[in-house]
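Fold and contact review
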Amino acid sequence: MRLLLAALTLSAGLAASAGAQTVTVGAAGSGQPPLRCGVDGTFAPHAFPTMGGGVQGFQIDLFDAIGKKMGRPVEITSASFSGLIPALNAGRYDFLCAPTTVTPERAANLLFTEGYLWTELQFGIKRGTPPIKSEEDLRGKAISVNKGTPYEQWVTRNAERLNLTLLAFDSQADAAQAVIQGRAFANLSGNTVIKYSATRTPQYVADFALPGTRFHWATPFRQDSAAARNALEQVIECLKKDGTIAGLSKKWFGAEPKPDDAERVVFPGFGPPGLPGYDETPNTAACS
């Protein structure tokens, strides 16, 4: 327990330094201008601090591979997730490296690539807590979330119906720690993050996944960036075809992706099919 709290405190404490940190990956020596992107640097295993002061995780490796394939450096800046989309719209980033859930509301205001992972909403609970079998088991409980995410939106939408108390934190590490400390009954986040936390934290258990909440996790651009969105999506498709994304998924999430998982599926057109911003133009990515 003491080691767990120390690890969570270290992660949360490093979040401040990660918030102002920029690392360069991809084709750093190409002489080409860098692509700028933002990420939540406290969202393990997608992006989180190293002991040496850097940033590691699935997103860092993914955009390193994307930058190398495009022949461009990629500058990844860590910041609180709640500020990433406003910063993108303000022109501070070319796109976001953070895994961003493609909801209809977001797709109406941003342009997304196709998904490179599936995400679904899942709860983490403290070991020894009775398992959550349905939403009714949440009634009257406090739920911790990372601020500015679909997880916060779900709790807000269902607060009155289930008499929920929302505890929103600036980092996922703080949201998970609230469960361990007994301040929250459960932590709601993405399935990859919940499962990863459970493998690293004996007192934290991956529990109930909300039915019908599977979405694309994809890369958002501003609405005026269709050409850039399409170019990056073609690279993502090439990295699916050559097995790179599946390999990174196994490395960071501990399981081989299934044939119908988004790490392997090349979707038609550009963007998540059936959502605003989708372009059904045939995608003819030339992969080398």
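Before reading on, note that the structure itself is shown above.
An account of the accompanying structure is given in this report. (Residues numbered from 1 in each chain as written. Predicted model: local features only at pLDDT ≥ 70, side-chain atom pairs only at ≥ 80, totals over all residues. Heavy atoms only, no water.)

**Describing the sheet that holds strand E7 (residues 100-101)**
The pairing of strands in a sheet happens through backbone hydrogen bonds and is either parallel or antiparallel. Taking strand neighbours across the sheet as the criterion, the 3 strands line up as E7-E15-E9 in an open arrangement whose pairing is antiparallel. This sheet does not close on itself; its edge strands, each paired only once, are E7 and strand E9 (117-119). Inspection of the sheet shows E7 paired to strand E15 (residues 215-218) by 2 bridges, in the antiparallel sense. Bridging from a neighbouring strand, Thr-100 pairs with Ala-218 of E15. (Pairing = 2+ DSSP bridges. Helix = DSSP H or I, 4+ residues; strand = E, 2+ residues; numbered from the N terminus.)

**Observations concerning unusual backbone geometry**
Cis geometry is adopted by the peptide bond preceding Pro-45, which originates at Ala-44 and carries an omega value of 5 degrees. Of note, Pro-45 is situated in the loop between strand E2 (35-39) and strand E3 (48-49). Of note in the backbone geometry, Asn-163 takes a positive phi value of approximately 55 degrees without being a glycine. Positionally, Asn-163 belongs in the loop between helix H5 (150-162) and strand E12 (165-169).

**Comments concerning the sheet that holds strand E1 (residues 22-26)**
Strands sit in the order E1-E5-E2-E6 across an open sheet of 4 strands; the sheet is mixed. Pairing within the sheet leaves two strands with one partner each, and these edge strands are E1 and strand E6 (95-96). The strands touched by helix H2 (residues 58-70) are E1, E2, strand E5 (73-78) and E6; relative to E1, the strand with the most contacts, the crossing angle is about 50 degrees. (Contact = heavy atoms within 4.5 Å. Axes fitted to C-alpha atoms, helices over the stretch in contact; angles between N-to-C directions.)

**A few points about the nonpolar core**
In this structure, Leu-62, Ile-76, Phe-123, Ile-143, Trp-154 and Leu-188 are the most contacted members of the largest nonpolar core, which totals 65 residues. The biggest single contributor to this core is H2, with 6 residues. Counting 5 residues, the second-largest nonpolar core is a separate cluster that includes Phe-169, Ala-175, Ala-178 and Ala-184. (Core = buried A, V, L, I, M, F, W, Y, C linked by side-chain atoms within 4.5 Å. Buried < 20%, exposed > 50% of the residue type's maximum accessible area, 1.4 Å probe, protein only.)

**Section: the pairing of E5**
One face of the sheet, then the other: side chains in a regular strand alternate in exactly this way. Where burial is concerned, most of E5 is hidden: 5 out of the 6 residues are buried. Bridge analysis of E1 against E5 gives 5 bridges, and the strand direction is antiparallel. Paired with Gly-26 across the strands is Pro-73, a residue of E5. Here E2 pairs with E5 via 5 bridges, running parallel. Bridge pairing links Arg-36 to Glu-75 in E5.

**A closer look at the state of the cysteines**
Defined simply, a disulfide is a covalent bond joining two cysteines at their sulfur atoms. Tallied over the entire structure, the rule returns 2 disulfides. Across a sulfur-sulfur distance of 1.9 Å, Cys-37 and Cys-97 are joined as a disulfide pair. Since a negative S-S torsion denotes a left-handed disulfide, the Cys-37-Cys-97 link at about -90 degrees is left-handed. Linking Cys-37 in strand E2 with Cys-97 in the loop between E6 and E7, this pair joins segments that are 60 residues apart in sequence. Overall, the relative accessible area of 1% leaves Cys-37 in the buried class. (Disulfide = S-S within 2.5 Å.)

**Points about the pattern of salt bridges**
Applying the stated criterion across every chain yields a total of 12 salt bridges. The salt bridge partner of Arg-222 is Asp-224, with a shortest N-O separation of 3.7 Å. Note that Lys-258 and Asp-261 form a salt bridge whose closest N and O atoms lie 3.7 Å from each other. (Salt bridge = Lys/Arg side-chain N within 4 Å of Asp/Glu carboxyl O.)

**Quick notes on the environment of Leu-111**
Along the chain, Leu-111 turns up in strand E8 (residues 111-112). For Leu-111, a relative accessible area of 9% puts it in the buried group. Sequence-wise, Leu-111 and Arg-229 are 118 residues apart; in three dimensions their C-alpha atoms are separated by 7.1 Å. Setting aside chain neighbours within four positions, we find Leu-111 in contact with Thr-219, Pro-220, Phe-221, Arg-222, Gln-223, Ser-225, Ala-226, Arg-229 and Gly-277.

**A closer look at H5**
The end-to-end C-alpha distance of H5, which contains 13 residues, comes to 17 Å, matching closely the 18 Å that a straight helix rising 1.5 Å per residue would cover. Of all the bends in H5, the greatest, near 25 degrees, is centred on Thr-156. The set of residues buried in H5 consists of Pro-150, Tyr-151, Glu-152, Trp-154, Val-155, Asn-158 and Leu-162. (Expected span 1.5 Å × (residues − 1). Bend = angle between axes of the 7 residues up to and from the residue.)

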